[in-house]
Each structure stands twice: as structure tokens, then as C-alpha cells.
Amino acid sequence: MNNYFKDLIGQTAVKKKLSFYLDAFHKTSQAPFLLMAGAKGLGKTEFAKAFGKNLYNQDGEKRTFLELNCSTIKNNEQFFEQIFLPLIADNEITILFDECHALPADLTMAFLTIFNTEANSRKNFVWNDMSFEFNFKNQTFIFATTETDKIFPPLKDRLTTIDFEPYESSELSEIVKLCVPHLKFTDGVDELIAPTIRGNARSAVKRAKEIDLYCGAKGRSFFTKKDFEVLCDQVGILPFGITFTEKQILQTLNSCGSATLTGLAAKIGMSKTSLQKDHELYLLGKNLIEIDGKRKITSRGLTLCKAL
Amino acid sequence: MKRGRPKGYNPYTEISYEELSDWVGRKTKVPVSKKWLQSLMGEDNSPQKEDISLDNDSEATYSKDIDSKIEYTLTNFNNE
């Protein structure tokens, strides 16, 4: 199997699956309609781009890549007028529908017809007395979202899902190093950095930027444990990569024993939804809190709370 | 437990057109009862009625949606 994704770290299963489809594309000129699914920052867009970079036109040129933010598409007419006719029709192109859960209802319905291709590589879609021709040997469609539950199930059935996994600590460490190749990490500092990254590639890239800025300001080409301590203090990096709001949640639960979601939201001063989606899930994942009817701090959370 | 509106409750309030225009201006559309407007203008004032119809209003919103731009980026890997 070809190594199409040598510049990207981790996501072994994703790489295998996409490589299989790329190998098949090079023989058949056709790829399935892919759905990149996974939490934010796991590399869905990056992998979609890398996949698109390996698709070639009939003349051997690399295929153009069009990235659309679905939340800006309002309806069929706007899509066919502004995107399909000028950019897709009669062109060889890869199209990424990012945040595809936000597709408007009428375009979702149109896609149900368009992507219902059986074994055919062409589809004529008639809408408003106009005919739009899709040629799946020339046009490759990729979808991406963090919220697969919000995609209309029959559309999801027509797509081939590529699931992204959280990154291992060693992979995050590799990503950081890859982002700052001019810096040398000494006395095992990279092992300290990885656990403070919030489990995704985007956070690793952000941490690498902070390290780069720190070293740039000091005119250094190396980064030590001592430097990391100073950086943590300066930019507020906490153990396990928790945020100051999460620190506040742990301290609140530590002082009051347990709390309901409403009670905790009132104490922290945030909405319940934001508290649940943005913070509780992460703390639960790190085994720092538990929910047994009420929110409680775990022994691990207690140890961390004392250390903060 | 009693449900619904208390006796004598009215969701409408009165305000003079002059005072209302101080708040919303003279050109803002104000929803009024179709029957009341018809009785005021008579059945044949169709152009004015069209101006305030809901269908017309949603069409305006729809054409505004078509005008709004879809955000996209186009990458040509051959130039990299």
C-alpha cells in the first residue's frame, strides 16, 4: 500500500482506509462519497485535503480542491448559482463540505437524489426545470462534521464514514516536534508537554506555537524542562491541559462535595449547555469528576485540585 | 390549578401612531389585522395589500439568502 500521508502523524486506521480508496481511485478514477467524522481538532479537514492532494485529473495534473463552509449555504438556488455552475460543472474538482450537519434542508434532499448513484458514475439532477450533470469520475465529494447525529440519516447512509480517533500522547508529542523542527527538546521535556495537550492535533499545534514564540523571544534554539515551567506559568498551562474554568469546577466540587448541573452552572456563572459540552465531558474523560445523579470530584480530581 | 389567561387579560395595548413612529420610524412595517386593513382600504386596494402580505415578505428574505455569499476556498495543489 502506498504511503500517501507521510506528513501526517497518527490516525493509522484513517490512513489505511483512505489509502485503500486512493489506490482504487488511481485504477477507477472514482472515490466513494466520504464522511470525515470525529471530535474537533482531530484532523478531519487536514486529512480531507491530504486525500484531495493525491487525486489526479485525466491530464495528470493535481485536482483542484474546493472547501465550503456549509453554514454559509442557505438554499439550493444559492448553491447551484454560486458554486455548482461556476466551479463544479464540467470541471475536475474535489469538494469538501465542511460542517456538513449545517446543510440546508432542500440541498440535503437534492443530495439524496444526486448521491443515489447505484453503479453509475454520472447523475443528472433536474431542479426548477434545469438539469445539472454530476460526473463522479471528475468530481469527488467529501463531507466533514463533528456532529454526525445531526446529518439526515438517509444522506448519511449514502456516505462512507471515516472515523477519527483521539491521539496518543506520543503522537501529540511528535506533532509538536514536527511543527517546530528548528527547535531541540532537551532533558525529556516533550514527555511533560504531551499530557498538557487536550487530546487533539489542533491543541498540539497551538502548544508548538507557544513554545516557538517563547524560544523566539529568548533567541533560543532549544527548549528545556525549566523553560516549560516558565511557559506554563506565563500562559497559564495547567496539568492535563485543563482550563481555568475547569479548575474552578474542580475547586467548587471540592469545596461543596457534590452539585447538580444547575447548581454548578449557577456557581460557575455559565450556561448549563456550555458547562456540559465544553468542560464536563473533558473532565469526565480525564476521570477528574464523576456523575452519579450529582456531579462529584474523583480521588484523581482531588489530588489534582490539591496540587493546583 | 387554573390555566390560561386571567379574566379581562388583553394581549394588545394602545399607542398613538405618532408616538409609535417616534420609536420605529415611519417606514417600519407594523403587523395589523387583515380584516381591519381591508375594512379601512376597501377590497380593491390590492397593490397596498400585497405590500404587507406574509408571502411577499418571505420572498424578500429568500432573495436575500440567494444574494448572500457562500464562503469557500479554492486550492490548487499544482502551485505548491
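Residues numbered from 1 in each chain as written. Chains lettered and ligands numbered in written order. Predicted model: local features only at pLDDT ≥ 70, side-chain atom pairs only at ≥ 80, totals over all residues.

Chemist: I keep staring at the overall build of chain B and nothing clicks. Help me out?
Modeler: The helix and strand tally for chain B stands at four helices and one strand. Secondary structure elements in chain B, listed N-terminal to C-terminal, are α-α-α-α-β. Each of the 80 residues in chain B was classed as buried or not, and the buried ones make up 0%. (Helix = DSSP H or I, 4+ residues; strand = E, 2+ residues; numbered from the N terminus. Buried ≥ 20, exposed ≤ 12 C-beta atoms within 10 Å, placed from the backbone.)

Chemist: Hey, could you run me through the overall build of chain A in this one?
Modeler: For chain A, the count of helices and strands is 13 helices and twelve strands. Dimensions of chain A, computed from C-alpha atoms along their principal axes, come out at roughly 65 × 50 × 30 Å. Residues classed as buried in chain A amount to 31% of the 308 residues present. Partitioning the contacts of chain A with sequence separation of at least 6, the portion at a separation of at least 24 is 69%. (Contact = placed C-beta atoms within 7 Å.)

Chemist: What's the story with the sheet that holds strand 1 (residues 72-75) of chain B in this structure? I'm lost.
Modeler: Strand-to-strand pairing in sheets goes through backbone hydrogen bonds, with the strands running parallel or antiparallel. Here six strands make up an open sheet; going across it, the order is 7(A)-1(A)-6(A)-3(A)-2(A)-1(B) and the pairing mixed. Of all strands in the sheet, those with a lone pairing partner are strand 7 (160-163) of chain A together with strand 1 of chain B, marking the two edges. Within this sheet the neighbouring strands show an average axis-to-axis angle of 20°, counted without direction. In terms of strand pairing, strand 3 (residues 93-98) of chain A meets strand 6 (residues 139-145) of chain A through six bridges, oriented parallel. Paired with Ile93 of chain A across the strands is Gln139 of chain A, a residue of strand 6 of chain A. Of the strands in this sheet, strand 2 (64-69), strand 3 and strand 6 of chain A together with strand 1 of chain B touch helix 3 (residues 76-88) of chain A, which is tilted by about 160° from strand 3 of chain A. (Pairing = 2+ DSSP bridges. Axes fitted to C-alpha atoms, helices over the stretch in contact; angles between N-to-C directions.)

Chemist: Just checking my understanding: could you explain the environment of Glu77 of chain A for this structure?
Modeler: By secondary structure assignment, the location of Glu77 of chain A is in helix 3. The sequence separation of Glu77 of chain A and Asp106 of chain A amounts to 29 residues, and the corresponding C-alpha distance is 9.5 Å.

Chemist: Hey, could you run me through the interface of chain A and chain B in this one?
Modeler: Interface extent is often summarised as the accessible area lost during association of the parts. Contact residues are listed per partner, giving 19 residues for chain A and 13 residues for chain B. Put simply, the parts of the chain that give the side of chain A that touches chain B at least two residues each are strand 2 and helix 3 of chain A. When the residues that make up the side of chain A that touches chain B are grouped by side-chain class, the tally is six nonpolar, six polar and seven charged. Here strand 2 of chain A runs beside strand 1 of chain B; their pairing, made up of four bridges, is antiparallel. From the neighbouring strand, Leu66 of chain A faces strand 1 of chain B, where its bridge partner is Leu74 of chain B. (Nonpolar A, V, L, I, M, F, W, Y, C, P; charged D, E, K, R; others polar.)

Chemist: Help me out: how do you make sense of the packing of helix 10 (residues 244-256) of chain A against helix 11 (residues 261-268) of chain A in this one?
Modeler: Think of two packed helices as two axes; the pair is described by the angle between the axes and how far apart they sit. Residue and element names in this part refer to chain A. Two numbers describe how helix 10 lies on helix 11: the axes approach to 10 Å, and their chain directions differ by 120°. The angle between helix 10 and helix 11 places the two elements in the oblique class. Crossing geometry of helix 10 relative to helix 11 is assigned as right-handed. Contact with helix 10, carried on its side by Thr245, Gln248, Ile249 and Thr252, involves Leu264, Lys267 and Ile268 of helix 11 and no other residues of that element. Here the contact of helix 10 with helix 11 is built from residues that sort into three nonpolar, three polar and one charged. (Parallel < 35°, antiparallel > 145°, perpendicular 65-115°, else oblique. Left-handed = near helix turned anticlockwise from the far one by under 90°.)

Chemist: Just to check I follow, could you spell out unusual backbone geometry for this structure?
Modeler: Residues other than glycine predominantly adopt negative phi, and peptide bonds predominantly adopt the trans conformation. All names here are of chain A. Located in the positive-phi region is Gln11, a residue other than glycine, with phi close to 55°. Its location among the elements puts Gln11 in the segment before helix 1 (12-28). Given 25 C-beta atoms within a 10 Å radius, Gln11 is considered buried. With a phi close to 55°, Glu99 is a non-glycine residue in the positive phi region. In this fold, Glu99 is placed in the loop between strand 3 and helix 4 (105-114).

Chemist: Explanation requested: the nonpolar core in the structure shown.
Modeler: For soluble globular proteins, the rule of thumb is that nonpolar side chains tend to be buried together. All names here are of chain A. Leu34, Met36, Ile95, Leu96, Phe97, Ile142 and Phe143 are the most contacted members of the largest nonpolar core, which has 52 residues in total. Here this core spans two domains, since at least three of its residues come from each of domain 1 (12-163) and domain 2 (169-237). If you look at the next biggest cluster of nonpolar residues, it comprises eleven residues, including Leu253, Leu275, Leu283 and Leu288. (Core = buried A, V, L, I, M, F, W, Y, C linked by C-beta atoms within 7 Å. Domains from an automatic or database assignment.)

Chemist: Explain the pairing of strand 6 of chain A here, please?
Modeler: Residues and elements named next belong to chain A. Strand 6 sits mainly inside the fold: seven of its seven residues count as buried. Taking every second residue as pointing to the same face, both faces of strand 6 are buried, with Gln139, Phe141, Phe143 and Thr145 on one and Thr140, Ile142 and Ala144 on the other. Across four bridges, strand 1 (residues 34-37) lies against strand 6 in parallel orientation. If you follow Leu34 over to strand 6, its bridge partner there is Ile142.

Chemist: Looking at this structure, how should I read the domain arrangement of chain A?
Modeler: Residues and elements named next belong to chain A. Each assigned domain of chain A is listed here: domain 1 (12-163), domain 2 (169-237) and domain 3 (244-307). Taking the mean C-alpha position of each, domain 1 and domain 2 sit 36 Å from one another. Across the contact, five residues belong to domain 1 and four residues belong to domain 2. Across the side of domain 1 that touches domain 2, the residue classes break down as two nonpolar, two polar and one charged.

Chemist: I keep staring at the sheet that holds strand 11 (residues 289-292) of chain A and nothing clicks. Help me out?
Modeler: Residues and elements named next belong to chain A. A sheet is described by the order of its strands in space; here three strands give the open sequence 10-12-11, paired in antiparallel fashion. Of all the strands in the sheet, the pair left with one neighbour each is strand 10 (258-259) and strand 11. Bridge count for strand 11 against strand 12 (residues 294-297) is four bridges, and the pairing is antiparallel. In the sheet register, Asp292 faces strand 12, and the bridge partner there is Lys294.

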